[in-house]
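# Architecture and fold: a report
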Amino acid sequence: MTSYAPAAALKDIIVYNDEVRDALVANRPLVTLESTIITHGMPFPKNVETARQVEADIRENGAVPATIAIMDGKIHIGLSDADLDRLAQAEDVMKCSRADLTFALATGRFGATTVAATMMAAHAAGIKVFATGGIGGVHKGAEESFDVSADLDELGRTPVCVVSAGAKALLDIPKTLEVLETKGVPVIAYDTDELPAFWSRKSGLPAPYRLNTPAEFGVLLKMRENFADHGGVLVANPVPEADEIPREEMAGYIDAAIKTASDQNVTGKDVTPFVLGNILELTSGRSLDTNIALVRNNARLAAKIAAALV
C-alpha cells in the first residue's frame, strides 16, 4: 500500500538569492521580473544582455530586482549570473502560466514564468511590485475561440502591482478593458490620459484613471491593502516617444501577422509568440527594439513605485 506523502510546504520550494533575501529582511524595495522574455522573447545572448540591463535599471532607481523562474523543482526568486546563463541557454523550457506552474515544479522541468505565474510567485514571496512588457488579455475573435489570457484572472485575485505598457497591441484591447473592469482591476495610466498600446504610446482609448507620480501610486497601493482579497493594480506606462512605433503603422503589421497565424492554424498559447515573431520579421527588428525600450522604461517606474511603498 502506498503511503500518503504531504506536498512540500511553499517555503520548501521557494529559493531566494542572497540579494533578494537581504532586501526582504531589511525591508528594501523589490521589483519582480518574469522570465519568458529570456526564454521565449529573444535569442541568446541578446536575452541575457537584456535581462541584465533591466535588472540594472531597477537597481539604478533604488530597488532590488527579483527575476523569477522555475529550475530544479524550485521557484527561484532572484537569479544569479550563472542561473541567468543556464536558463537563457536551456532547451524545451516550459512557458508557465497558472495552469503550468505546479506541473513544471513537480516534474523538475525548467519553466519561464508569464505574467500570471510571476504574480503568483511574487505574492507568495511577499513582493508587491512587478515590471513586465505588456499583459495578455482577450484575443481578437475570442467570442468564437474563447482565447482569454489567465493574466486577467490573476490580476483580479492576486494583490500585486503590475507595471506594463498596457495590453499587448495584438489583442482586443476594448474587450480586455471590459474584463478587467468586471474583475475589479484598476487600470491606471502613468502621466497620460490615453491608454498606451504596447509598441505605441496611444491606443485611441481613454485611460480609466490617471496618476502622475510614483508617490501617488504608493498611496493607492497602501489604501488597497486595507481590503482583503483586493486583487492587483495594472499600471499602463507609455513607451518613450523616441522608441515607439506609431499605432497606425503597427496596425498593418498586427493584422498581417494575425492573418498568417490564422492561415497556419496556430492556436492557444502558441498564438502570441507566433504573432510576435511574425511582427519582428515584418518590422525588420524594430518591434524588438521597442519591446526592450518599454520593458526598461517599466522597470524604472516599477522601482520608483516600490520605493514609495517602503
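Because the structure is predicted, anything quoted here is derived from the model rather than measured. Residues take numbers from 1 onward in each chain, read along the sequence in its written order. This being a predicted model, a pLDDT of at least 70 is required before a residue's local features are given, and a value of 80 or more before pairs of side-chain atoms are given or counted; all residues contribute to the totals for chains, interfaces and linings. Only hydrogens and water are removed before side-chain values are computed, so all heavy atoms of the structure are retained for them.

Further remarks concern the overall build of the chain. Secondary structure summary: the chain contains 14 helices and 11 strands in total. Burial classes: relative accessible area under 20% of the type maximum marks a residue as buried, over 50% as exposed, and values in between as partly exposed (1.4 Å probe, protein chains only). The burial tally for the chain puts 51% of its 310 residues in the buried class. Any two residues whose heavy atoms approach within 4.5 Å are treated as being in contact. A separation threshold of at least 6 residues defines the contact pool for the chain, and within that pool the share at least 24 residues apart is 73%. In short, Shrake-Rupley with a 1.4 Å probe defines the accessible areas, and a residue's cover is counted only from the protein chains shown. Carbon and sulfur atoms make up 52% of the accessible area of the chain, which totals about 14,100 Å². Charge counting treats Lys and Arg as positive and Asp and Glu as negative, with His and both chain ends excluded. To locate a charge, the coordinates of NZ of Lys, CZ of Arg, CG of Asp or CD of Glu are taken. With 29 positive and 41 negative side-chain charges, the chain shows a spacing of 3 Å between the two charge centroids. Numbered from the N terminus, helices here are DSSP runs of H or I no shorter than four residues, and strands are runs of E no shorter than two.

This part takes up unusual backbone geometry. The omega torsion across Phe44 and Pro45 is 5°, close enough to zero to call that bond cis. Assignment of secondary structure puts Pro45 in the loop between helix 3 (36-39) and helix 4 (46-60). In this model, Asn27 sits at a positive phi of 55°, which is unusual for a non-glycine residue. Among the structural elements, Asn27 can be located in the loop between helix 2 (18-26) and strand 2 (30-33). Residue classification places Asn27 among the exposed residues on the basis of a relative accessible area of 53%.

Before going further, it helps to spend a moment on the packing of aromatic side chains. A pair of aromatic rings is counted whenever rings of Phe, Tyr or Trp (Trp by its six-membered ring) have centres within 6.5 Å, and the orientation is called stacked for planes under 30 degrees apart, edge-to-face for over 60 and tilted otherwise. The tally for this structure, following the rule as stated, stands at two aromatic pairs. Taken together, a centroid distance of 6.3 Å and an interplanar angle of 45° make the contact between Tyr190 and Phe217 tilted. Of this pair, Tyr190 sits in strand 9 (residues 187-190) while Phe217 sits in helix 11 (residues 214-224), and the two are 27 residues apart along the sequence. Here Phe217 falls in the buried class, since its relative accessible area comes to 0%. With 4.8 Å between their ring centres and 80° between their planes, Phe198 and Trp199 make a pair best called edge-to-face. The two residues Phe198 and Trp199 agree in class, both being buried.

The terminal C-alpha atoms of helix 4, which comprises 15 residues, lie 21 Å apart, in line with the 21 Å expected from a rise of 1.5 Å per residue. Here helix 4 has its buried residues at Asn47, Val48, Thr50, Ala51, Val54, Glu55, Asp57 and Ile58. At its buried positions, helix 4 is contacted by strand 2, helix 3, strand 3 (64-71), helix 5 (81-89) and helix 14 (286-309). Positive backbone phi, approximately 95°, marks Gly62, located one or two places after helix 4. A helix is expected to reach a length of 1.5 Å times the quantity of its residues less one.

Before going further, it helps to examine the pattern of salt bridges. By convention in these notes, a salt bridge is any Lys or Arg side-chain nitrogen within 4 Å of a carboxyl oxygen on Asp or Glu. Per the counting criterion, the structure on display carries 19 salt bridges. Arg86 is the partner of Asp72 in a salt bridge, and the nearest nitrogen-oxygen pair spans 2.8 Å. You can see Asp72 sitting in the loop between strand 3 and strand 4 (74-77) and its partner Arg86 sitting in helix 5, a full 14 residues away along the chain. For Asp72, a relative accessible area of 44% corresponds to the partly exposed category. As a salt-bridge pair, Asp191 and Arg210 come within 3.2 Å of each other at their nearest N and O atoms. Here the residue Asp191 occupies a position in the loop between strand 9 and strand 10 (209-211), and Arg210 occupies one in strand 10, the gap between them amounting to 19 residues. A relative accessible area of 45% means that Asp191 is categorised as partly exposed. Residue class for Arg210 comes out partly exposed when judged on its relative accessible area of 35%. In the salt-bridge network here, residues are joined through shared partners; they are Glu19, Glu55 and Arg59.

Across three bridges, the pairing between strand 1 (residues 14-16) and strand 4 is parallel. The residue of strand 4 that forms the bridge with Val15 is His76. In short, DSSP must find at least two bridges between two strands for them to pair. Inspection of the sheet shows strand 3 paired to strand 4 by four bridges, in the antiparallel sense. The residue of strand 4 that forms the bridge with Ile70 is Ile75. Between strand 3 and strand 4, which pair antiparallel one after the other, the connecting turn spans two residues, and Asp72 there sits at a positive phi close to 55°.

Put simply, side chains in a regular strand alternate between the two faces of the sheet. Burial along strand 8 (residues 161-164) is two-sided: the residues Cys161 and Val163 and Val162 and Ser164 are all buried. Bridge count between strand 7 (residues 129-131) and strand 8: three bridges; the pairing is parallel. When the bridges of strand 8 are listed, Ala131 appears paired with Val163. In the sheet, strand 8 pairs with strand 11 (residues 233-236) via four bridges, with the strands oriented parallel. Among the inter-strand pairings, Cys161 is bridged to a residue of strand 11, identified as Val233.

Remark: nonpolar core denotes a set of buried residues (Ala, Val, Leu, Ile, Met, Phe, Trp, Tyr, Cys) joined through side-chain atoms within 4.5 Å. Among the nonpolar cores identified, the biggest contains 81 residues, and Val31, Ile77, Val129 and Ile135 are the most heavily contacted of them. Among the elements that take part in this core, helix 14 stands out by supplying nine residues, more than any other. Counting 12 residues, the second largest nonpolar core, distinct from the first, contains Val48, Leu79, Phe110 and Ala112.

What counts as an axis is a line fitted to C-alpha atoms, over the stretch in contact for a helix, and the angles between N-to-C directions run from 0 to 180 degrees. It is at 9 Å that the axes of helix 12 (residues 247-263) and helix 13 (residues 271-282) come closest, and there the two elements cross at 130°. Classified by the interaxial angle, the pair formed by helix 12 and helix 13 is oblique. For the crossing formed where helix 12 meets helix 13, the hand is right-handed. Between helix 12 and helix 13, the residues in contact are Met250, Tyr253, Ile254, Ala256, Ala257, Ile258, Thr260 and Ala261 and Phe274, Val275, Asn278, Ile279 and Leu282, respectively. The cut-offs work like this: below 35 degrees is roughly parallel, past 145 is roughly antiparallel, 65 to 115 is roughly perpendicular, and the gaps in between are oblique. The hand of a helix crossing depends on one turn: near helix anticlockwise from the far one by less than a right angle means left-handed, and clockwise means right-handed.

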